[in-house]
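Chain and residue survey
Next come the chains, spelled out residue by residue.
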Amino acid sequence: MTVIHTRIIGTGSYLPEKILSNADLASVVETSDEWIQQRTGIRQRHIAADSEMTSDLALKASQRALDMAGIAPDKLDLIIVATTTPDMVFPSTACLLQAKLGAKGMPAFDVQAVCSGFVYALATADQFMRSGQYEHILVVGAEIYSRILDWQDRGTCVLFGDGAGAVVLKRSAEPGILAACLHADGSHAGILSVPGSVSGGKVSGRPLLQMDGTAVFKFAVKVLEEVAVETLAIAGLHKSDINWLIPHQANIRIIQATAKKLGLPMERVITTVDRHANTSAASVPLALDEAVRDGRIQPGQHVMLEGVGGGFTWGAVLIKWQAGSEDS
Ligand code: ACO
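All values derive from a computational prediction rather than experimental measurement.

**Considerations on unusual backbone geometry**
Phe90 connects to Pro91 through a cis peptide bond whose omega is 5°. Mapped onto the elements, Pro91 comes out in the loop between strand S4 (78-82) and helix H4 (93-101). Notably, Val114 is not glycine yet its phi reads approximately 50°, a positive angle. Counting through the fold element by element, Val114 comes out in the loop between strand S5 (108-111) and helix H5 (117-130). Judged by relative accessible area, Val114 falls into the buried class, the value being 15%. Of note in the backbone geometry, Ser280 takes a positive phi value of approximately 50° without being a glycine. With respect to the helices and strands, the residue Ser280 is situated in the loop between helix H9 (273-276) and helix H10 (283-293).

**Let's talk about the site of the ligand**
Near the ligand there are 23 residues, and of these Thr31, Arg39, His248, Asn251 and Asn278 occur at the shortest range. The contact in question runs from a nitrogen atom of the ligand to an N or O atom on the side chain of Thr31, over 2.6 Å. At 2.6 Å, a side-chain N or O of Arg39 approaches an oxygen atom of the ligand. When the ligand sits alone it has 1,000 Å² of accessible area, and the protein chains cover 71% of it. Elements with a contribution of two residues or more to the shell around the ligand: helix H2 (33-40), helix H6 (154-157), helix H7 (213-235) and helix H8 (252-261). When residues of the shell around the ligand are assigned to their parent elements, the largest contribution, 4 residues, is made by H7. Classifying every residue of the shell around the ligand by side-chain character gives 11 nonpolar, 8 polar and 4 charged. A domain split of the shell around the ligand shows at least three residues from each of domain 1 (5-175) and domain 2 (178-320).

**Here's the deal with the packing of helix H3 (residues 54-69) against H4**
One can describe the packing of H3 onto H4 by two numbers: an axis separation of 9 Å at closest approach and a directional angle of 55°. It follows that H3 is oblique to H4 by the angle criterion. Crossing angle aside, the handedness with which H3 passes H4 is right-handed. Contacts between H3 and H4 involve Thr54, Ser55, Asp56, Ala58, Leu59, Ser62, Gln63 and Leu66 from the first element and Thr93, Leu96, Leu97, Lys100 and Leu101 from the second. Partitioned by chemical class, the residues of the contact of H3 with H4 number 6 nonpolar, 5 polar and 2 charged.

Here is what the cut-offs are and how they apply
- Residues numbered from 1 in each chain as written.
- Predicted model: local features only at pLDDT ≥ 70, side-chain atom pairs only at ≥ 80, totals over all residues.
- Heavy atoms only, no water.
- Helix = DSSP H or I, 4+ residues; strand = E, 2+ residues; numbered from the N terminus.
- Buried < 20%, exposed > 50% of the residue type's maximum accessible area, 1.4 Å probe, protein only.
- Near = heavy atom within 4 Å.
- Polar contact = N/O pair within 3.5 Å; in protein donor to acceptor, adjacent residues only side chain to side chain.
- Areas by Shrake-Rupley, 256 points an atom, 1.4 Å probe, with all protein chains shown as cover.
- Nonpolar A, V, L, I, M, F, W, Y, C, P; charged D, E, K, R; others polar.
- Domains from an automatic or database assignment.
- Axes fitted to C-alpha atoms, helices over the stretch in contact; angles between N-to-C directions.
- Parallel < 35°, antiparallel > 145°, perpendicular 65-115°, else oblique.
- Left-handed = near helix turned anticlockwise from the far one by under 90°.
- Contact = heavy atoms within 4.5 Å.

Geometric values such as these leave the question of function open.
So this is what it looks like as structure tokens:
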């Protein structure tokens, strides 16, 4: 029996034009470039224009991924969008993206796993691919966090940014995706949340991000190491086999602590948090696209993608890179 695998044949990303520096933020809340850089590694973040919706960011990232893959949108068999900041309550951002891509017919749905969203969506897509029913799948992480932040709260507003990243997946005889692990523990819902909802035509609760930073920090470092080890074990590989680690880009100190626990030098870790800040579900595909396009990630290398975020959710996808377009 032929075993079906999933490989990535295109990556793309998009960042809104407007850049908000730490110095810009210091004129809004009591903070400083020095404090933000020291505690988080963040120098700047991109902010979506008022006219831009999450599906617009997703569209631009998807078009770039489809261009690299060399396939037209109507060749897609499935579209999955990971987002916590959808355009509206419904329809899903994936359906809105499908229409903007000028495609129809294939299933499209959103995955909501906050900063683990892209890893959740990629692992989900891999399962669909392995079913044998699908040949091409688009997976996107897209967010506009600037709209769910309390811009008076210096403890949270300095940490996030807007952006989108996408990958085009193709059915393959060779992996591709070697292993994936997903986890959640809803008992930690309270340490990171946007506790608002729509009720009776009004917003009920506080629809702005709130967080226990210290608890989030400790939890993230613990589970990012654990899930990497668990995923490596499924693939029969070891920490030293990781060529590139692409962890969720929340804070450089979380990334450094995770790399240290995994015994990886920072030279083997892809980081964008300095320029993008935390773009939640978009952070991993944004970093992946950057490292693919600048040639750091090469065929045959092992790339570990990791997410952790509200829920709490966490997970990892291990890839043996074998990029190439539709024809390769
Ligand atoms: N500028 C200046 N001072 C600030 C700022 C700011 N932006 N924010 C907080 N402070 C102050 C605090 O008020 C506090 O002052 P005090 O001592 O007078 O009370 C002081 O700085 C220290 O605050 P701490 O919260 O102890 O600072 P810490 O070193 O823990 O850093 C941070 C805070 C950066 C939020 C850290 O806890 C962290 O990175 N946590 C992880 C959170 C994270 O990355 N969340 C992203 C979403 S979760 C995810 O994606 C997985």
